[in-house]
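Take a look at the letters that make up each chain.
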Amino acid sequence: MNLHEYQAREILKRHGIPVPDGDVAATPDEVTAIAARLGGRGRVVVKAQVHAGGRGKAGGVKLAATPGEAKAMAQEILGMTIKGLTVHKVLVAPAADIASESYVGIIVDRASQRPVLMVSPAGGIDIEEVAAKTPEKIHRLAIDPRYGLLPHQAQGLAFSLYKDIAQVRAAADIMQKLYAAFTGTGASLAEINPLITTAAGQVLALDAKIVVDDNELDRRPEIAALRDASAEAPSEVQARKAGLTFIKLEGTVGCCVNGAGLAMATMDLVKYYGGEPANFLDIGGSSNPQKVVNALRIITADPNVKAILFNIFGGITRCDDVANGIVQATRQFPLPVPMVIRLTGTNEQEAVQILTQAGFSALTDMDEAVKQAVAKTQGRAA
Ligand code: GDP
Ligand code: MN
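Residues numbered from 1 in each chain as written. Chains lettered and ligands numbered in written order. Predicted model: local features only at pLDDT ≥ 70, side-chain atom pairs only at ≥ 80, totals over all residues. Heavy atoms only, no water.

Can you walk me through the nonpolar core in this structure?
As a rule of thumb, nonpolar side chains are buried together in soluble globular proteins. In this structure, Leu12, Leu117, Met175, Leu195 and Ile210 are the most contacted members of the largest nonpolar core, which totals 38 residues. Ranked by residues supplied to this core, first place goes to helix 6 (residues 165–185) with 9 residues. Those residues in contact with Leu195 that sit more than four places away from it in its chain are Ser100, Glu101, Ser102, Val104, Leu161, Tyr162, Ala171, Ile174, Val203, Leu204 and Ala205. With 31 residues, the next largest nonpolar core counts Ile308, Ile312, Ala329 and Leu343 among its residues. (Core = buried A, V, L, I, M, F, W, Y, C linked by side-chain atoms within 4.5 Å. Buried < 20%, exposed > 50% of the residue type's maximum accessible area, 1.4 Å probe, protein only. Helix = DSSP H or I, 4+ residues; strand = E, 2+ residues; numbered from the N terminus. Contact = heavy atoms within 4.5 Å.)

This is the structure we're talking about:
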């Protein structure tokens, strides 16, 4: 689950990281009021609150000299789309005077199986770009979760950002507090980009991004309460309500699978045969025709989908329930694209009968089904 910048800033602040004051607004008039209250005589910054980076480049971060100007900026930013997401809220904060911009972030790293702290003096811009063009400017440290981030480790990395010892100490302190925020929220990513120095020499977090591991939400209700469904992809919201595990991807093969492992294997095979999955979707172990109807509704709503692939391995999931779900769905709404169905296992015979009667054919071989589905997205026979 993604947090908004204003929510992440609040969490960093609670952990003692210096962050400029700020308040969030949904209308231009609220922006005027906040700018007048927080800006004093100085400038304010108006920032789009969407779950996307690169807002600055997209015109979603603007400086304003007066509350009136802040209102005008808010009128431009509210309602704009950044990377396909509509801006419903803006953050208004006193503008900081930037002397330098660095990057500090912690991610869960699969390779080292540890949280990895990354810092770079080349902050402000996308860290992916720095990693691609000038990887030597990124310094990494795998953190041993038994001991956490130790002071001397943080200081060592802070020396790669600053020469001034007071700033090194301030940055090291921020890194340790960021690690506390990272573990304290169950995050898979926590980053500050940019971490700035001001003309007066202060070190401040100017932007904050936290992604929380969804599996942590059940035991952290206070974090789960921060979810803003209006800022998420509608298909993912719908899927969560329907009890489906769904992640939207960019490809054209709509996948409907039971079990996360089989769903992963299916996506691998789609790629192996030259296709691209449009989604990860796990209908779960239980077999309920309604789940299949919901899944098909979500998959068919994606205009990128050129073919649908069912891959069901019937264990607890009964193939006939899935078949009934498919038939029910096609009675409720039209399927705009071809469908390839593979099912095997519990009640396979019954399923084949149900599908055949409804005019569908079913395969039992996974390779064959995936090949056919990929071919259909490319407008050819397998
Ligand atoms: P992002 O583009 O989505 O990562 O949004 P950021 O919050 O990182 O802002 C992008 C850029 O806008 C920063 O790297 C800064 O250069 C600039 N910016 C943001 N806040 C301020 C501010 O308070 N003062 C000044 N002068 N620039 C700012
Ligand atoms: Mn940023």
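I would appreciate a short explanation of the site of ligand 1 in the present structure.
Within the structure, ligand 1 sits among 17 residues, and Lys47, Arg55, Gly56, Ala96 and Glu101 are positioned closest to it. Separating an oxygen atom of ligand 1 from a backbone N or O atom of Ala96 is a distance of 2.8 Å. Here ligand 1 has 560 Å² of accessible area as a free molecule, and 83% of this is covered by the chains. For the shell around ligand 1, the elements supplying multiple residues, two or more each, are strand 2 (44–48), strand 3 (61–64), strand 7 (98–109) and strand 10 (187–198). Of the residues contributing to the shell around ligand 1, the split by class is 8 nonpolar, 5 polar and 4 charged. When residues of the shell around ligand 1 are sorted by domain, at least three fall in each of domain 1 (21–94) and domain 2 (98–224). (Near = heavy atom within 4 Å. Polar contact = N/O pair within 3.5 Å; in protein donor to acceptor, adjacent residues only side chain to side chain. Areas by Shrake-Rupley, 256 points an atom, 1.4 Å probe, with all protein chains shown as cover. Nonpolar A, V, L, I, M, F, W, Y, C, P; charged D, E, K, R; others polar. Domains from an automatic or database assignment.)

How should the coordination of the manganese ion (ligand 2) be read in this particular structure?
For a metal with four tetrahedral donors the ideal donor-metal-donor angle is 109.5 degrees, while six octahedral donors give ideal angles of 90 or 180 degrees. Summarising the metal site, the manganese ion (ligand 2) is bound by the protein donors Asn193 (O) and Asp207 (OD), whose distances to it range over 2.2 Å. Placement of Asn193 in strand 10 and of Asp207 in the loop between strand 11 (203–205) and strand 12 (209–212) is noted, with a sequence separation of 14 residues between them. The buried category is assigned to Asn193, whose relative accessible area is 11%. (Donors = N, O, S within 2.8 Å, 3.2 Å for Na, K, Ca; no water.)

Even after reading the chapter, I still don't get the environment of Gly314, so can you show me in this structure?
As for its position among the elements, Gly314 is in strand 16 (residues 307–314). For the pair Gly314 and Gln353, spaced 39 residues apart in the sequence, the C-alpha separation amounts to 15 Å. Residue contacts for Gly314: discarding those within four places in its chain leaves Cys319, Thr344, Gly345 and Thr346.

Purely spatial values, then, with no claim about function.
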